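Summary of structural features
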Number of protein chains: 2
Amino acid sequence: MELHEPELREVPVTAVLAALADDVRLQIVRTLAEGGEYACGTFEFGVSKATRSHHLKVLREAGLTRTRVAGTSRYVRLRRDELDRLYPGLLDAVLTTPATAPTGR
Amino acid sequence: MELHEPELREVPVTAVLAALADDVRLQIVRTLAEGGEYACGTFEFGVSKATRSHHLKVLREAGLTRTRVAGTSRYVRLRRDELDRLYPGLLDAVLTTPATAPTGR
DNA sequence: GCTGTTGTTCGACGTTAGTCGAACAACGGT
DNA sequence: ACCGTTGTTCGACTAACGTCGAACAACAGC
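Each residue is numbered by its place in its chain's sequence as written, counting from 1. The lettering of chains begins at A and the numbering of ligands begins at 1, in the order of writing. Local features in a predicted model are, by the rule used here, given only for residues with pLDDT of at least 70; side-chain atom pairs are given and counted only at 80 or more, and totals for whole chains, interfaces and linings are based on all residues. Here the side-chain values reflect all heavy atoms present in the structure, with hydrogen atoms and water set aside.

All right, on to the sheet that holds strand E3 (residues 73–78) of chain A then. Residues and elements named next belong to chain A. At least two DSSP bridges between two strands are needed for those strands to be called paired. Counting from the N terminus, the helices are DSSP H or I runs at least four residues long and the strands are E runs at least two residues long. Here three strands make up an open sheet; going across it, the order is E1-E3-E2 and the pairing antiparallel. The sheet is open, and its two edges are formed by strand E1 (38–39) and strand E2 (65–70), each paired on a single side. Bridge count between E2 and E3: six bridges; the pairing is antiparallel. Residue pairing across strands places Val-69 opposite Arg-74, the latter belonging to E3.

As structure tokens, this is what we get:
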């Protein structure tokens, strides 16, 4: 099974931004930003596993994450270094923001 | 006519990112980033004026722009200082990227 | 070989977003 | 007063997105 993981510079900025412009995905990214690898099942943000799988796919195809297959599990990690190199400040800017949307919206 | 211009910190990050995650709006922001004010009509990016008006509204309501009414015209400018203060590196990261999407997509 | 676990894929559904033309509103000139 | 200019608003349409349950695939353990 070929994990489709594009080069970050091949991905349109708008796709990167769109990938980050979702609450569930942002929570995933926040978790990943703590460092290390996480199995997909780790992310329990009140969505079904189908939805979770979908979001992880969006992140992966936007060049934000790297996935390692091991047995029946898949371990995901943030491509932080590449991200910081190509878009310095982007991740930090997004991550240093209140976890929940400021206004309840 | 009340221009609805929210405080930047009242706007969810996801809304800011979503506002930037569109080609037309990104082109507008790129233009605005050159500094100064621009009348709405300045932005000719191959969309109708209805669509242009829509995009400017999205940018304004995401807290990205400030609009000054003068006669029949409206002058738009980037809220760069506030943006840089709340999301340091965000704008730079987004703007220092090739104008057109890397892959033709 | 079953069975359970872990994820992905496949419709399907409702919602939102981008787009347009047409109608409207506000202002400036003459 | 009448135009023309400049923008906004109003449906309407289509495409894309987030969501889910159900079916499927791959592996691990017994």
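Let us look at the protein's contact with DNA strand D. What makes a residue near a molecule or strand is one non-hydrogen atom of that residue sitting within 4 Å of it. Surrounding DNA strand D, one finds 20 residues, the nearest of these being Ser-48 and His-55 of chain A together with Lys-49, Ser-53 and Thr-72 of chain B. The protein-proximal atoms of DNA strand D, defined as those within 4 Å of the protein, are 69% sugar or phosphate. In the model, a phosphate oxygen of DNA strand D is placed 2.9 Å from a nitrogen or oxygen of the Thr-51 of chain A side chain. Between DNA strand D and His-54 of chain A there is a distance of 3.3 Å, counted from a phosphate oxygen to a side-chain nitrogen or oxygen. Secondary structure elements with two or more residues in the surface near DNA strand D: helix H3 (49–61) of chain A together with helix H3 (49–61) and strand E3 (73–78) of chain B. If you tally residues by element for the surface near DNA strand D, the top one is H3 of chain A, at four residues. When residue character is reported, Ala, Val, Leu, Ile, Met, Phe, Trp, Tyr, Cys and Pro are called nonpolar, Asp, Glu, Lys and Arg charged, and the others, Gly included, polar. Here the residues of the surface near DNA strand D are counted per class, giving six nonpolar, ten polar and four charged. Throughout this description, a polar contact denotes any pair of N or O atoms lying within 3.5 Å of each other; where both atoms belong to protein, one of them has to be capable of donating a hydrogen while the other can accept it, and for residues adjacent in sequence the pair is counted only when both atoms sit in side chains.

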